[in-house]
Amino acid sequence: LGDCFVTAFPRNDAIIRVLLIIALRCGGSAMASMTLRARHWLTGLLCSLLFSTSLSADVALLVHGYASDAGTWEVSGVNSELQLRGWSRGGLFTPGPAGGVHLAAGPGEAAANRSYSVSLPADAPLSLQANLLGTVLHGVRQRYPEEPLILVGHSAGGVVARLVLLGDNHFRVSALVTIASPH
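All figures in this text were calculated on a predicted structure; none of them were measured in a lab.

**Q** Can you explain the pattern of salt bridges? Please cite residues and give values.
**A** The full count for this structure, using the stated rule, is four salt bridges. For Arg89, the salt bridge identified is with Glu74, shortest N-O distance 2.9 Å. You can see Arg89 sitting in strand S3 (residues 88-95) and its partner Glu74 sitting in helix H4 (residues 72-75), a full 15 residues away along the chain. Residue Arg114 pairs with Glu147 through a salt bridge whose shortest N-O separation is 3.6 Å. Of this pair, Arg114 sits in strand S5 (residues 114-118) while Glu147 sits in the loop between helix H6 (126-143) and strand S6 (149-154), and the two are 33 residues apart along the sequence.

Written out as structure tokens, the structure reads:
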């Protein structure tokens, strides 16, 4: 599962579970080279870690990569894997042209554990995407001021998420999970 990276501020077991869920879904190439017995053992180990403690109320924000869109998380099956493990689809956050944030609420918007996708202009400069993600994070924090917030970024989305967190982390992000991001 070699190209997953997690930073927790501070460490939280729910964050580790999110990382493992996504690693299970995205780590197919690493697992493909294993024997069938080793794959079953590793999958069993990871699933036992996922279910070792009860989930707390958390918000996960999924940031897509370059030349992609928020639908990537659905098409790849990551949203389905998260839902199987208690993370409902909260909806889609989109930064507005005047600095606001629009939420297209999903079916799980009122659930305890919610994952939201973010729609960013994937071909825009990283600094612009980071500014827009900051606007979204501000809106998320207004909506959910106390819940632990987990940022998950794929590829360039991980770099964008990391750019937003440079400095003082005033959005109080609990963890950053990046998948296949060039650091």
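**Q** Residue-level account of the environment of Gly134, with values.
**A** Positionally, Gly134 belongs in helix H6. When its relative accessible area of 13% is taken as the criterion, Gly134 is described as buried. When the C-alpha atoms of Gly134 and Val164 are compared, they prove to be 6.2 Å apart, with 30 residues separating the residues in sequence. When residues no more than four places from it in sequence are discounted, the contact partners of Gly134 are Val164 and Phe171.

Procedures and definitions
Residues numbered from 1 in each chain as written. Predicted model: local features only at pLDDT ≥ 70, side-chain atom pairs only at ≥ 80, totals over all residues. Heavy atoms only, no water. Salt bridge = Lys/Arg side-chain N within 4 Å of Asp/Glu carboxyl O. Helix = DSSP H or I, 4+ residues; strand = E, 2+ residues; numbered from the N terminus. Buried < 20%, exposed > 50% of the residue type's maximum accessible area, 1.4 Å probe, protein only. Contact = heavy atoms within 4.5 Å.

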